[in-house]
2 protein chains.
Amino acid sequence: MTAAANQSGRRPTTSRRLERAGIRDVAAAAGVSITTVSDALNGKGRLPDETRSRVREVAERLGYRPSAAARTLRTGRSGLIGLTVTTYGEEPFTFTEFAYFAEMARAATSAALGRGYALVVLPASSRHDVWGNIALDGTVVIDPPDQDPLVSELYRSGVPVVSDGKPGNCPVTAWVDNDHEAAVLGILDHLSEAGARRIGLLTGTSTDTYTRLSTEAYLGWCAKVGQEPVYETYPAHDPAAGAVAADRLLARPDRPDAVYGLFDPNGTDLLAAARRYGLRVPDDLLLVCCSESDVYATTEPPITTLSLKPRRIGTTVVNLLIDAIEGVDSGTGVDIARLFPPRFRTAGTGPPPGTLMPTELIVRASSQRRSPRTTVSPPRPPGEV
Amino acid sequence: MTAAANQSGRRPTTSRRLERAGIRDVAAAAGVSITTVSDALNGKGRLPDETRSRVREVAERLGYRPSAAARTLRTGRSGLIGLTVTTYGEEPFTFTEFAYFAEMARAATSAALGRGYALVVLPASSRHDVWGNIALDGTVVIDPPDQDPLVSELYRSGVPVVSDGKPGNCPVTAWVDNDHEAAVLGILDHLSEAGARRIGLLTGTSTDTYTRLSTEAYLGWCAKVGQEPVYETYPAHDPAAGAVAADRLLARPDRPDAVYGLFDPNGTDLLAAARRYGLRVPDDLLLVCCSESDVYATTEPPITTLSLKPRRIGTTVVNLLIDAIEGVDSGTGVDIARLFPPRFRTAGTGPPPGTLMPTELIVRASSQRRSPRTTVSPPRPPGEV
DNA sequence: AGCCCTTGGAGATACGTTTCTCCAAGAGTG
DNA sequence: CACTCTTGGAGAAACGTATCTCCAAGGGCT
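The name recorded for chain A in an unreviewed UniProt entry is LacI family transcriptional regulator, from Kitasatospora purpeofusca.

(A) Inspection of the protein's contact with DNA strand C at higher detail. Taken together, the neighbourhood of DNA strand C is formed by 26 residues, with S33(A), T36(A), R46(A), I23(B) and R74(B) sitting nearest. Atoms of DNA strand C within 4 Å of the protein belong to the sugar or the phosphate in 55% of instances, the rest to bases. Here a base oxygen of DNA strand C sits 2.7 Å away from a polar atom, N or O, in the side chain of T35(A). A distance of 2.7 Å separates a base oxygen of DNA strand C from a polar atom in the side chain of R46(A). Secondary structure elements with two or more residues in the surface near DNA strand C: helix 3 (34-42) and helix 5 (68-75) of chain A together with helix 3 (34-42) and helix 5 (68-75) of chain B. With five residues, helix 3 of chain B is the single largest residue contributor to the surface near DNA strand C. Its residues placed into classes, the surface near DNA strand C shows nine nonpolar, 10 polar and seven charged.

(B) Region of the structure containing the protein's contact with DNA strand D. Neighbouring DNA strand D are 28 residues, the closest being I23(A), R74(A), S33(B), T36(B) and R46(B). Counting only atoms of DNA strand D within 4 Å of the protein, the sugar-phosphate share comes to 55%. Within the side chain of S33(B), one N or O atom sits 2.5 Å away from a phosphate oxygen of DNA strand D. Of all the elements in the fold, those that place two or more residues in the surface near DNA strand D are helix 2 (23-30), helix 3 and helix 5 of chain A together with helix 3 and helix 5 of chain B. For the surface near DNA strand D, the class distribution of residues is eight nonpolar, 10 polar and 10 charged.

(C) Focus on the pattern of salt bridges. All told, the structure shown has 24 salt bridges over all chains when counted by the stated rule. Notably, a salt bridge pairs E153(B) with R65(A), separated by 3.2 Å at the nearest N-O pair. Taken together, the residues E153(B) in helix 8 (residues 149-156) and R65(A) in the loop between helix 4 (49-62) and helix 5 connect one chain to another. R252(A) is the salt-bridge partner of D254(A), the closest N and O atoms lying 3.0 Å from each other. On the basis of relative accessible area, D254(A) is assigned to the partly exposed category, the value being 24%.

(D) Layout of the side chain of T268(B). Considering the arrangement of structural elements, one finds T268(B) in helix 12 (residues 266-276). Relative accessible area serves as the criterion here: at 15%, T268(B) is assigned to the buried category. Sequence-distant contacts of T268(B), defined by excluding residues within four places in its chain, comprise T298(A) and Y296(B).

(E) Fine view of unusual backbone geometry. Residues and elements named next belong to chain A. Look at the link from E300 to P301: it is a cis peptide, with omega at 0 degrees. Within the secondary structure, P301 is located in the loop between strand 9 (286-290) and strand 10 (304-307). Backbone geometry at D143 places phi at a positive 50 degrees, although glycine is not the residue there. Mapped onto the elements, D143 comes out in the loop between strand 3 (138-142) and helix 8 (149-156). D143 gets classed as buried once you look at its relative accessible area, which sits at 8%.

(F) The nonpolar core, seen in detail. Among the nonpolar cores identified, the biggest contains 140 residues, and Y260(A) and Y260(B) are the most heavily contacted of them. Excluding residues within four positions of it along the chain, Y260(B) makes contact with V184(B), I187(B), G200(B), L201(B), L202(B), Y210(B), V288(B), C289(B), C290(B) and L306(B). Counting residues in each nonpolar core, the second largest holds 36 residues, with L154(A), V159(A), V161(A) and W175(B) among its members.

(G) Up close: the packing of helix 2 of chain A against helix 3 of chain A. All names here are of chain A. In the contact formed by helix 2 and helix 3, the axes pass within 8 Å of each other and the chain directions differ by 100 degrees. Between helix 2 and helix 3, the interaxial angle falls into the category roughly perpendicular. Contacts from I23, R24, V26 and A27 of helix 2 reach helix 3 at I34, V37 and S38. Among the residues making up the contact of helix 2 with helix 3, the classes are represented as five nonpolar, one polar and one charged.

(H) Seen up close, the sheet that holds strand 7 (residues 230-234) of chain B. Residue and element names in this part refer to chain B. Strand order in the open sheet formed by six strands is 7-6-8-9-10-12, with mixed pairing between adjacent strands. Each of the sheet's edge strands pairs with one partner strand only, and the pair in question is strand 7 and strand 12 (360-362). Across the sheet, the mean angle separating the axes of adjacent strands is 15 degrees when strand polarity is ignored. Sheet analysis places strand 10 (residues 304-307) next to strand 12, joined by three bridges and oriented antiparallel. Pairing of L306 across the sheet is with L361, part of strand 12. Along the sheet, helix 10 (residues 209-225) makes contact with strand 6 (199-204), strand 7, strand 8 (258-261) and strand 9 (286-290), crossing strand 6 at roughly 160 degrees. Taken strand by strand, helix 12 contacts strand 6, strand 7, strand 8 and strand 9, and its axis lies near 155 degrees from that of strand 9.

The rules we used
For every chain, the first residue of the written sequence is number 1, and numbering continues from 1 onward in sequence order. Each chain gets a letter, beginning with A, and each ligand a number, beginning with 1, in the order they are written. Given that this is a predicted model, residues contribute local features only at a pLDDT of at least 70 and side-chain atom pairs are listed and counted only at 80 or more, while totals for whole chains, interfaces and linings are drawn from all residues. Excluded from the side-chain calculation are hydrogens and water; included are all heavy atoms of the structure. We call a residue near a molecule or strand as soon as one heavy atom of that residue lies within 4 Å of the molecule or strand. Whenever a nitrogen or oxygen atom comes within 3.5 Å of another N or O atom, the pair is scored as a polar contact, on the condition that within protein one atom can donate a hydrogen and the other can accept it, and that pairs from neighbouring residues in sequence are kept only if both atoms are in side chains. We count a stretch as a helix when DSSP gives it H or I for four or more residues in a row; a strand needs E for two or more, and each element gets its number in order from the N terminus. Polar here means any residue other than Ala, Val, Leu, Ile, Met, Phe, Trp, Tyr, Cys and Pro, which are nonpolar, and Asp, Glu, Lys and Arg, which are charged; Gly is therefore polar. A pair is scored as a salt bridge if a Lys or Arg side-chain nitrogen falls within 4 Å of a carboxyl oxygen belonging to Asp or Glu. Burial status follows relative accessibility: with a 1.4 Å probe on protein chains alone, a residue under 20% of its type maximum counts as buried, one over 50% as exposed, and anything between as partly exposed. For this analysis, residues touch if any pair of their heavy atoms sits within 4.5 Å. Side-chain atoms within 4.5 Å link the members of a nonpolar core, which is a set of buried Ala, Val, Leu, Ile, Met, Phe, Trp, Tyr and Cys residues. Orientation is described by axes fitted as lines to C-alpha atoms, over the contacting stretch for helices, and by angles from 0 to 180 degrees between their N-to-C directions. Note on terminology: angles under 35 degrees are roughly parallel, angles over 145 are roughly antiparallel, angles of 65 to 115 are roughly perpendicular, and the others are oblique. Any two strands with at least two DSSP bridges between them are considered paired.

Below, the structure written as structure tokens:
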């Protein structure tokens, strides 16, 4: 026993007694070797059940907790996944996609935990030293901008990266996105069928995939059906700007008789603007916005929303990422990612695999006209309600 | 050069060349010792600027990134902070406090990153092995239940714990909370001044601090002013139950003429219920709810809300935690937490230090009666709007 | 008896840092 | 000159685990 405890001459019995128990202490207490303890606790090696349970019992008694850092160092696996969120200004997450992000992050957290991983929230704008200081097995990137140096560096250094949102120019292991084009076209058709003659769009100024694809789909649709595009843009991270833009859109001489708002707060903003101009919804104005919030079920009138189903996205993204993490050396036992850095792989396999997920249109009163109108009334100046 | 590279006989030059560069490689390339590289990169030791910059340059050229795991193992610091959220059912976060939690978490993330730490999201219900597998420097616990075994174990094992919400029976390093009693009393007084004769409460069934303190404050106030308490409870994590409870409250024979709802969705739920019963807000019913959402600025009518200022809470919690983490051995260089486990400390120092933070009442139309009424109309059965 | 195979387990090494200790060479100083 | 101090840096010991290699003892078989 003492021989085992004093192996390699370490840890003289005289000094600190209050240290947390390590694997050596367990080995000493159980009268076995370190190897045996490790094997017993991890279910490896060839040990009779008796030894296994005895070791486990001793470990339990000593309150032994394996050191995560040592395990990570040894195995090269930390069980940590980075969750990168785009930032505007000082804040870690975007305001505008907030409900979406929150739902998505929640689902991602669940999925990761279910597979034994935990999520670390890491804004893309973080100080470089923070990123470097964390051992990540992989990273989820939400809506990477066109050329994200962070993503490129991660990918280059061999960390699997899966993005929510089809990446522009950054190489990623895989990506997941909604079918934004189909979603927008579906909404425009829906509004047309409800009698809309001139459909407007409230969109953002940023270059992320969501904004870009949605706007392009709108413009394409306009070109196809021969409608002059009617849209206003604003910096989506600024809620105040959203209200102003909504107002601007309804104040135009070519005021639309239906509007789709790309961002969550647009619904209430447009509703408020409509009230200011004396427009009734849905009689004078059809309304749809993209939102995950159920407040739109109880507004007056309830507003039709497009849900991006963030839960499904979050779950899918995380599962793809973990598959990539574990798939790499689960097959041959060889760490392919290290032997063949990304530049070799991409050349052979072409673009990274992407998954398109459907959206869901929740139709409410705001997009269903009771009696279709044939004329478009001119805008009225803001006045009393 | 080759001599330095082959020190201690490791890493024969014949084998794998594609490994990520380690500190040894940098040392070899720069023709210095490992010690010098470490010192140069970390700004320690006594080195001429020339050596320092040369080493840095070589490290940069080789794309050297220190291994977080090794550093953590050596220093005992991971730079990781756990963010524990209470869970109801399967989901990692609560639904009801969602906006609050989101804001709080965002602020906490910012604050942590600003001080070089990152946040790991860890639902309290996570599998034990996930908790054990992560090296945490400390943990933030949101609204711990009365006897949280997780918190107790963390604290016992020497990990600093700071809670958002005054803890019931779990020992923590420190805690931060709103002054819920003052907040509720302030609201009740506000409603009284607006002419309320019978103030009802919509509250939760769970035992967290927020619900408990708020309800107690309400009951105390009722006792003081001689009003019979009028309240309904529901499981706060179930949005559907909230709508039902709101309905129940307004359907009572002793229907209140003013209601305070403790949870975010209560505002819209109560508004909807009021409409169902033909009650006008604020004429027939004064309304206040606790919420961080700004949708209540644009409801019809706008609803007075109590904000718990989650950003301030999140920032404060994290700063307290990091102070505790860094304060422990910044003074004497001795790790007090290890030499004197919590059970020794608590005996001497009494209850953990707590901080109460003020709330903010955002007064809108729903709690200001235009013409004070003196009679309370009986409830009407649900019918047309 | 000699041989191989299985079982149970011990030893040692490596993971990649940080840091404590120590040393050599000048530089000043009496 | 003999000495101390400072500068610049090297060596080696941890940190705590996982795992590869190897060994001893016994059992069955020819």
